[in-house]
Amino acid sequence: MSFTHKLSCRVDGIRAEIREAREHQRYYRENRQRLRAEYRAAQCAGEVPTRAGLGSGFGLLPWLLLGMGAFSNLFQGETPNPWVGGLGLLTFNSLYIYVAFRAFREETRDALSTRVALVLLGLVTCGLAMGYGGNWLLFFPLFGLATGAVVRLPHLRWVGAVVTVVAGAASVLRDGWGGLDTAYATWISTMVTAAIMSLSEAVRQLREAREELARRAVEEERLRFSRDLHDLLGHTLSVIVVKSEAARRLAPRDLDAALLQVRDIESVGRQALTEIREAVTGYREGSLGTDLDGAVSALRAAGIVPVVQRSGPPLTARTEVLLGWVVREAVTNVVRHSGAQRCEISVRGSAERVRLRVRDDGRGTTAEPPLPWNDAPADPASAQSTPLIGGTGLKGLTERLAAAGGCLEAGPGPRGGFTVCAELPVEREESRGVEERADVGGAGR
């Protein structure tokens, strides 16, 4: 085989490899775009969480692997009094997990029990580090991580400084000047964790503020439509009154002219009916925000502390009305029968579902009489097909939510008290508009 033929074969092979590499590159680009599009679609549908930050205490648990060196020392016989070391290791891990899972909610993070657990965690860390040294000094960065997760400004600076100084002093006493690395790692873990947690909370608060602004914009739009409706009704009714008076005056003298005025009245009335239905569609119904405000007022008047939390996108008018019924029914039961001191109302919405929960710390029973706004009892057949939840009011709400594709659950809570949970699918404004336009067209015919 000649040199020219070998060179030609080699060039052909290189060209084939280049074509194959280009094919793989094009395939990679196409799949990357497709995967990004699918991921964005899943985020919009609510199937992929978009909340930034660590999310829960599970994000802090992998750092416990820093204690594997101390754990191995127990089994290798390098630790004096292994039972004391094992008990200390178990105590440290238990306190760390307790603090980690309570650090992601403001009310639990600021609780006295969490602060006491953090102090005990610091004492156990100092005891293990001073008693054994070596790998046991790595518990100081873990303690700094827990401190950064719990403590916030303005106390973070001096608390972080104290933790770092204690870690440095203990590490230098046990490990010489090399222990300064442990002090530096403790300082970094404290400040970085606090920064990440603060940024996560800021992002969450900004998202909630954006959702609140969106809800307020919807409510302002409804108020604007109410004012437009007032102007529309005032003009239309004035025309009808004037033409009615004209028809009354003309009827004795000129019946044809009076009938012409009556036909005008009929035409104006039909046109006004159509315009009113188009203007009021979705805006005439109640607001969930109004029902929540009324619930807060009723609870405070009864001496019960209300806690209201709401997040998620704006809801359609029909969904707000259904959830408003649940709020009124559940809060009335709390005021009348629970004997509670605290009542929590939370509304959590996503792209697909919205969930309402009303929970109190009372006696955990409900046996309320029928309430004024409840519908009449359902027919016996539907009553047999629907499970009885609580009293008549909750039963009626169960039937209403089931007709809208939702569900209602009520019963004693796991920690006492009584809990009412309602869940509904999120309706699309487009589909509601199609149904309402169909109703308007049917009414016009």
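A brief report on the enclosed structure follows.

What follows concerns the overall build of the chain. Looking only at helices and strands, one finds 14 helices and five strands in the chain. Put simply, the chain has 445 residues, and 36% of those count as buried. Within the structure as shown, the chain displays about 26600 Å² of accessible surface, and the carbon and sulfur contribution to it stands at 59%.

Judged by how many residues are buried, strand β5 (residues 418-425) sits mostly within the fold: six of eight residues are covered. Pairing of strand β3 (residues 353-360) with β5 involves seven bridges; the strand directions are antiparallel. Note that in β5 the partner of R357 across the bridge is C421. Pairing analysis gives six bridges linking strand β4 (residues 407-412) to β5, with the strands arranged antiparallel. Residue pairing for β5: A410 is matched across the bridge by V420. Taking the residues that link successive antiparallel strands as the turn, the β4-β5 hairpin has five residues, and the phi of G416 there is positive, at about 95°.

Note: strand β1 (residues 305-311) against strand β2 (residues 342-349), seven bridges, orientation parallel. Bridge pairing in β2 places V308 opposite I345. Note that the unit made of β1, helix α11 (residues 317-338) and β2 has a crossover that is left-handed.

Core analysis: the largest hydrophobic core is formed by 31 residues, its most contacted members being F92, Y96, L118, L121, L128, W136 and F139. Of all the secondary structure elements, the ones that give two or more residues to this core are α2 (68-75), α3 (82-102), α5 (112-132), α6 (139-150), α7 (156-175) and α8 (180-250). The biggest single contributor to this core is α6, with seven residues. L118 has contacts with V99, F143, A146, T147, V150 and V151, leaving out every residue within four places of it along the chain. I345, V354, L408 and F418 belong to the second largest nonpolar core, which has 29 residues in total.

It is worth spelling out the side chain of D360 at this point. With respect to the helices and strands, D360 occurs in strand β3. No salt bridge is formed by the buried D360. Its closest oppositely charged neighbour is R359, at 8.6 Å. In terms of polar contacts, D360 uses its side chain to reach the backbone amide nitrogen of G362, at 2.8 Å. Discounting chain neighbours no more than four positions away, the residues touching D360 are V334, S338, A340, R342, C343, G416, G417 and F418.

Within the structure shown, the criterion is met by five aromatic pairs. Centroid distance F58 to F101: 4.9 Å. Interplanar angle 90°. Geometry classified as edge-to-face. Here F101 lies in helix α3 and F58 lies in the loop between α1 (3-44) and α2, a separation of 43 residues in the sequence. For F58, a relative accessible area of 58% translates into the label exposed. Residue classification places F101 among the partly exposed residues on the basis of a relative accessible area of 35%. Between W136 and F139, the ring centres sit 5.8 Å apart and the planes meet at 50°, which makes this aromatic pair tilted. Members of the aromatic cluster, joined through ring pairs, are F92, Y96, Y132, W136 and F139.

A few words now on the environment of I304. For I304, the position within the fold is in the loop between α10 (288-301) and β1. C-alpha of I304 to C-alpha of V335: the two residues are 31 residues apart in sequence and 8.0 Å apart in space. Beyond its immediate stretch of four places on either side in the chain, I304 contacts L299, V334, V335, A340, Q341, R342 and C343.

The residue A149 is located in helix α6 in this model. Of the residues examined, A149 reaches a relative accessible area of 1% and is grouped as buried. The spatial distance from the C-alpha of A149 to the C-alpha of V192 is 9.4 Å, given a sequence separation of 43 residues. If we skip the residues at most four places from it in the chain, A149 touches L60, A103, R109, T193 and M197.

What follows concerns the pattern of salt bridges. Counted under the stated rule, the structure contains eleven salt bridges. A salt bridge links E107 to R105; the nearest nitrogen and oxygen atoms lie 2.4 Å apart. A relative accessible area of 48% places R105 in the partly exposed class. The residue E344 makes a salt bridge to R359 at a minimum N-O spacing of 2.6 Å. Here R359 lies in strand β3 and E344 lies in strand β2, a separation of 15 residues in the sequence. Residue classification places R359 among the partly exposed residues on the basis of a relative accessible area of 30%.

What counts, and where the lines are drawn
- Residues numbered from 1 in each chain as written.
- Predicted model: local features only at pLDDT ≥ 70, side-chain atom pairs only at ≥ 80, totals over all residues.
- Heavy atoms only, no water.
- Helix = DSSP H or I, 4+ residues; strand = E, 2+ residues; numbered from the N terminus.
- Buried < 20%, exposed > 50% of the residue type's maximum accessible area, 1.4 Å probe, protein only.
- Areas by Shrake-Rupley, 256 points an atom, 1.4 Å probe, with all protein chains shown as cover.
- Pairing = 2+ DSSP bridges.
- Right-handed = clockwise from strand over helix to strand, strands pointing away.
- Core = buried A, V, L, I, M, F, W, Y, C linked by side-chain atoms within 4.5 Å.
- Contact = heavy atoms within 4.5 Å.
- Lys, Arg positive; Asp, Glu negative; His and termini not counted.
- Salt bridge = Lys/Arg side-chain N within 4 Å of Asp/Glu carboxyl O.
- Polar contact = N/O pair within 3.5 Å; in protein donor to acceptor, adjacent residues only side chain to side chain.
- Phe/Tyr/Trp six-rings, centres within 6.5 Å; stacked < 30°, edge-to-face > 60°.

Any functional reading would require information that these geometric values do not contain.
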